[in-house]
Amino acid sequence: MFNPSDTKVVKEEKVMASDPEATKRRMAFRKSYSLEHPEMWKRRSLIDDAKFETVTNLEFEKQERLSSATSPSISEEDIFTATNGEVFSGAPDESAQRCNIMFALKYGMTTLGNVFTTFETNNCTILHIESRKAKRKTASFEVLVSVETTRDDFICLIKDLKKNSNLMDVSLYQGLEPPREPVWFPKHISELDGCTHLITKFEPELDCDHPGFTDKGYRARRKEIADIAFSYKQGDSIPRIEYNEDEIRTWGVSYRQLKELFPTHACQQHIDVFKILEKEAGYSPDNVPQLDDVSNFLKKRTGFQLRPVSGLLSARDFLASLAFRVFQCTQYVRHHSKPLHSPEPDCIHELLGHVPLLADPSFAEFSQQIGLASLGVSDDDIEKFATLYWFTVEFGLCRQNDNIKAIGAGLLSSFGELMHALSDVPEHRPFEPEKTALQTYQDADYQPIYFVSESFEDMKEKLRTYSRNIKRPVDITYNPFTQSIEVLNEPETMKCFMGTIGRQLQAVQDAIGRL
């Protein structure tokens, strides 16, 4: 469940990493960082959500790096060790290498110029500088400096820094960029209970532009439904919501308007499944379907299931859920004053836009492929996958019978943008993952650029090819019988995996033989 609307505060409700204490520190830092940088809240898209995660992760790692850098003051023995193995690794005296030095300033940043003169006189090239306020009362700032220098100049530099009356606690710090720990990702569907890192966005109590900002009754209703979703655990029946008259009326207005456009604007898969939803899952203009009923319908069709969510998730958590064929879904309804538009995803967006295509086997597989490809990858690749999701599953177009049709849920749940997307106004580009993943999101009322796939199969094959080129920490496969992610790093696991593939191939060969 993604949305291009405002972001106001980051609320981290659960801890999911293998190192709980480190994760708590990361979550607390992300929240404080968002509060200190309100300029990052305004008009953020799905793509910007992923970028925000990248920025805060980098800032957190920098903070952790500086915190771990403090060590006892350097001694003559330390200098000898550093120049004969740990830093210079037996390099000749004239060979310049990178090394890192940590020190504390006694009297403030104004003395830093004097310190840098010491680096200059000892022929050291400064490559990188980081600073922070000192935690001890006897110093003002702590500074980490990365330099390129020779062994002899390094020895002279350390001795001069130790003599400098403006400094204290001169120490060595090995490695400015220590290797990152592997990114945690859920291995079993039950672990999705930990993937609830909520990013609160354009919500009624947070922004005066929200249509429900002054409606205290609506705000209380939203909180009531969000609290129900937050207590949900994997495997529970999805709580049923008794929708009120305003909610049912709002649903009905959107339902009737969009249904008129579906025959001419929606892809054939959406049209076909929508008819079945009306027969089997309680879809009608006078009834808001219950998520539990719709989830059971999806399980029979494609193995996908719905999970209620109390707010907007981080990009990494949302994509990880797709890997297990789980779609995180809101239960609240947009404000009744604007039934044809919502500043953030609501159940109208989810049920009318996403669900019909999640019930199509081909599109369901495509959605799961994006989720599987995202597990354990870098923040940069998460941004790219979020961008691909945005321009396909949310706002994608597909060619069918020489006509362009909508496949994106953001289009299929928005009356105005659905007409805009298929008009001659926006630019239509072919879907090429390498280019689409780098496309900048334009923050406008309607998208100026849409990407068109030649077919569902073409879209899946291009994504599959793109995913193969992503650097992954491990190779994985999804086991639908145990609803778990299996890491292919042990001979026994590989043997079992190959046996499964072999049996499936044999079944295909037998079927071809009978034909």
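Residues numbered from 1 in each chain as written. Predicted model: local features only at pLDDT ≥ 70, side-chain atom pairs only at ≥ 80, totals over all residues. Heavy atoms only, no water.

(A) Inspection of the side chain of serine 413 at higher detail. Mapped onto the secondary structure, serine 413 falls in the loop between helix H14 (409-412) and helix H15 (415-421). Other than its neighbours up to four places away in sequence, serine 413 contacts Leu258, Arg334, Ile348, His349 and Gly353. (Helix = DSSP H or I, 4+ residues; strand = E, 2+ residues; numbered from the N terminus. Contact = heavy atoms within 4.5 Å.)

(B) Local environment of helix H6 (residues 216-230). Given a rise of 1.5 Å per residue, 15 residues ought to cover 21 Å, and the 21 Å separating the end C-alpha atoms of H6 matches this to within 8%. On its buried face, H6 is in contact with helix H7 (245-265) and strand S7 (305-308). Capping of H6 at its N-terminal end is provided by aspartate 215; its side-chain oxygen lies 3.2 Å from the backbone amide nitrogen of glycine 217. (Expected span 1.5 Å × (residues − 1). Polar contact = N/O pair within 3.5 Å; in protein donor to acceptor, adjacent residues only side chain to side chain.)

(C) Region of interest: the packing of H7 against helix H11 (residues 347-358). In contact at an axis separation of 11 Å, H7 and H11 are set at 25° when each is read in the N-to-C sense. Here H7 lies roughly parallel to H11, going by the angle between them. H11 is crossed by H7, and the crossing has right-handed handedness. Between H7 and H11, the contacting residues are Thr250, Trp251, Ser254, Tyr255, Leu258 and Phe262 on the first element and Cys347, Ile348, Leu351 and Leu352 on the second. Split into classes, the residues belonging to the contact of H7 with H11 amount to 8 nonpolar, 2 polar and no charged. (Axes fitted to C-alpha atoms, helices over the stretch in contact; angles between N-to-C directions. Parallel < 35°, antiparallel > 145°, perpendicular 65-115°, else oblique. Left-handed = near helix turned anticlockwise from the far one by under 90°. Nonpolar A, V, L, I, M, F, W, Y, C, P; charged D, E, K, R; others polar.)

(D) Looking closely at the confidence of the model for the protein chain. Model confidence for the protein chain is summarised by a mean pLDDT of 81, while 77% of its residues fall at 70 or above. Confidence drops under a pLDDT of 50 for residues 1-19, and excluding neighbours within four residues, the segment shows 97 contacts in the predicted structure. Residue range residues 175-179 is modelled with pLDDT below 50. Its contacts to residues more than four positions away, or to other chains, number 11 contacts. (pLDDT = per-residue confidence, 0-100.)

(E) Layout of the nonpolar core. Ranked by internal contacts, the top residues of the largest apolar core, which has 79 residues, are Tyr283, Leu306 and Phe327. Take this core: its biggest share by element is 8 residues, from helix H13 (residues 379-394). With residues near it in sequence (within four places) discarded, leucine 306 still touches Ile238, Leu291, Val294, Ser295, Leu298, Phe327, Cys329 and Val355. Counting residues in hydrophobic clusters, the runner-up holds 18 residues, among them Val143, Val145, Phe154 and Ile158. (Core = buried A, V, L, I, M, F, W, Y, C linked by side-chain atoms within 4.5 Å. Buried < 20%, exposed > 50% of the residue type's maximum accessible area, 1.4 Å probe, protein only.)

(F) Structural context of the sheet that holds strand S3 (residues 125-133). Across the sheet, 4 strands lie side by side as S3-S4-S2-S5; this open sheet has antiparallel pairing. Where the open sheet ends on each side, the last strands, each with one partner, are S3 and strand S5 (167-172). Between one strand and the next, the sheet's axes are offset by a mean angle of 20°, whatever the strand orientation. As paired strands, strand S2 (residues 97-105) and S5 are joined by 4 bridges and run antiparallel to one another. Along S5, the bridge assignment pairs methionine 102 with serine 171. Its contacts with the sheet put helix H4 (residues 112-121) on S2, S3, strand S4 (141-149) and S5, and the angle it makes with S2 is roughly 150°. (Pairing = 2+ DSSP bridges.)

(G) Main features of the environment of tyrosine 283. Turning to its location among the elements, tyrosine 283 is positioned in the loop between helix H8 (268-280) and helix H9 (291-301). Along the chain, tyrosine 283 and leucine 352 lie 69 residues apart, while their C-alpha atoms are 9.2 Å from each other. Each residue touching tyrosine 283, except ones within four places of it in the same chain, is listed here: Tyr255, Phe274, Leu277, Glu278, Pro289, Val294, Leu351, Leu352 and Val355.

(H) Broad picture of the pattern of salt bridges. Here the structure, examined in full by the defined rule, presents 20 salt bridges. The salt bridge involving glutamate 365 is made with arginine 464; its shortest N-O contact spans 3.9 Å. A residue pair is termed long-range when its members are at least 10 positions apart, and glutamate 365 in helix H12 (residues 361-374) and arginine 464 in helix H17 (residues 456-468) qualify at 99 residues. Given the relative accessible area of 28%, arginine 464 is considered partly exposed. (Salt bridge = Lys/Arg side-chain N within 4 Å of Asp/Glu carboxyl O.)

(I) Structural detail: the packing of H7 against H8. One way to put it is that H7 packs onto H8 with a least axis distance of 10 Å and a crossing angle of 140°. Relative to H8, H7 is oriented oblique. Handedness of the H7/H8 crossing: left-handed. Here Tyr255, Lys259, Phe262 and Pro263 of H7 lie close against H8, whose contacting residues are His270, Ile271, Phe274 and Glu278. Considering only residue class, the contact of H7 with H8 consists of 5 nonpolar, 1 polar and 2 charged.

(J) Just empty space enclosed by the protein, in detail. Under the definition given, this model contains 2 cavities of 30 Å³ or more. Each pocket or cavity is described by its volume, and for the second largest cavity that value is around 50 Å³. Taken together, 11 residues form the lining of the second largest cavity, with Trp184, Phe185, Pro186, Arg316 and Ala320 sitting closest to its centre. When residues in the lining of the second largest cavity are grouped by element, the largest group, 3 residues, is from helix H10 (residues 315-323). Looking at the lining of the second largest cavity residue by residue, the class counts come to 7 nonpolar, 2 polar and 2 charged. (1 Å grid on protein atoms, 1.4 Å probe; cavity = no way out; pocket = protein on both sides within 12 Å on 5 of 7 lines; lining within 4 Å. Points joined across faces, edges and corners; volume = space filled by probe spheres on them.)

(K) Local environment of the state of the cysteines. One pass over the full model with this rule turns up 0 disulfides. With no disulfide of its own, cysteine 124 lies 7.0 Å from the sulfur of cysteine 99, the closest cysteine sulfur. (Disulfide = S-S within 2.5 Å.)

(L) Layout of unusual backbone geometry. Residue asparagine 123 is not a glycine yet carries a positive backbone phi of 60°. One non-glycine residue, aspartate 169, lies in positive phi territory at about 55°. Tracing the chain through its elements places aspartate 169 in strand S5.

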